[in-house]
Amino acid sequence: MASLAEFARVHTHLDADEVDHLQRLVASWGLLADLCFADLLLFAAADGPATPESAGPQTAPVPAGAPSGLVVLGQMRH
């Protein structure tokens, strides 16, 4: 299974410092998920080709180079 850093490198424009910060954040989620009886997900803007299909019929066209959606970089289950 790919790590948070690998997913971030492939699917986002996050730099190394930002990825390190997110890894520290997710590492502390275990206790928080238990105390809140919750599942936690870490979403980031995904890179990729913006297509008219991704914009949907009722939205303005997505400019080239814009994020094409979201990618889950981390998850903690209760």
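Numbering of residues starts from 1 in each chain and follows the order in which that chain's sequence is written. With pLDDT at 70 or above as the cut-off, local features in this predicted model cover only qualifying residues; side-chain atom pairs require 80 or more to be listed or tallied, and sums for whole chains, interfaces and linings still use all residues. Working from all heavy atoms in the structure, the side-chain values ignore hydrogens and water.

Colleague: What exactly am I supposed to notice about the nonpolar core here?
Modeller: A general feature of soluble globular proteins is that nonpolar side chains tend to end up buried together. Nonpolar cores are built from buried Ala, Val, Leu, Ile, Met, Phe, Trp, Tyr and Cys residues. Side-chain atoms within 4.5 Å join them into one set. Accessible area is worked out with a 1.4 Å probe on protein chains only. A residue is then buried under 20% of its type maximum, exposed over 50%, and partly exposed in between. Core analysis: the biggest nonpolar cluster contains 13 residues, and Leu-4, Leu-22, Val-26, Trp-29, Leu-42, Val-71 and Leu-73 have the highest contact counts within it. Helix and strand definitions follow DSSP, with helices as H or I runs of at least four residues and strands as E runs of at least two, each counted in order from the N terminus. If you list the elements that add at least two residues to this core, you get α1 (4-11), α2 (16-27), α3 (29-36), β1 (40-46) and β2 (69-76). Sort the elements by how many residues they give to this core and β1 lands first, with four residues. Among residues more than four places away in sequence, those in contact with Leu-22 are Leu-4, Leu-14, Leu-42 and Leu-73. Here, residues are in contact when the closest pair of their heavy atoms is within 4.5 Å.

Colleague: Can you help me understand the pattern of salt bridges in this one?
Modeller: Two side chains of opposite charge can pair, provided their charged atoms sit close to one another. Salt bridges are identified by distance alone: a Lys or Arg side-chain nitrogen within 4 Å of an Asp or Glu carboxyl oxygen. This structure, assessed with the given rule, holds one salt bridge. Here Asp-39 makes a salt bridge to Arg-77, at a shortest N to O gap of 3.5 Å. In this pair, Asp-39 is assigned in the loop between α3 and β1 and Arg-77 in the segment after β2, connecting sequence segments 38 residues apart. According to the relative accessible area criterion, Arg-77 is exposed, its value standing at 57%.

The analysis is restricted to geometry; functional conclusions fall outside its scope.
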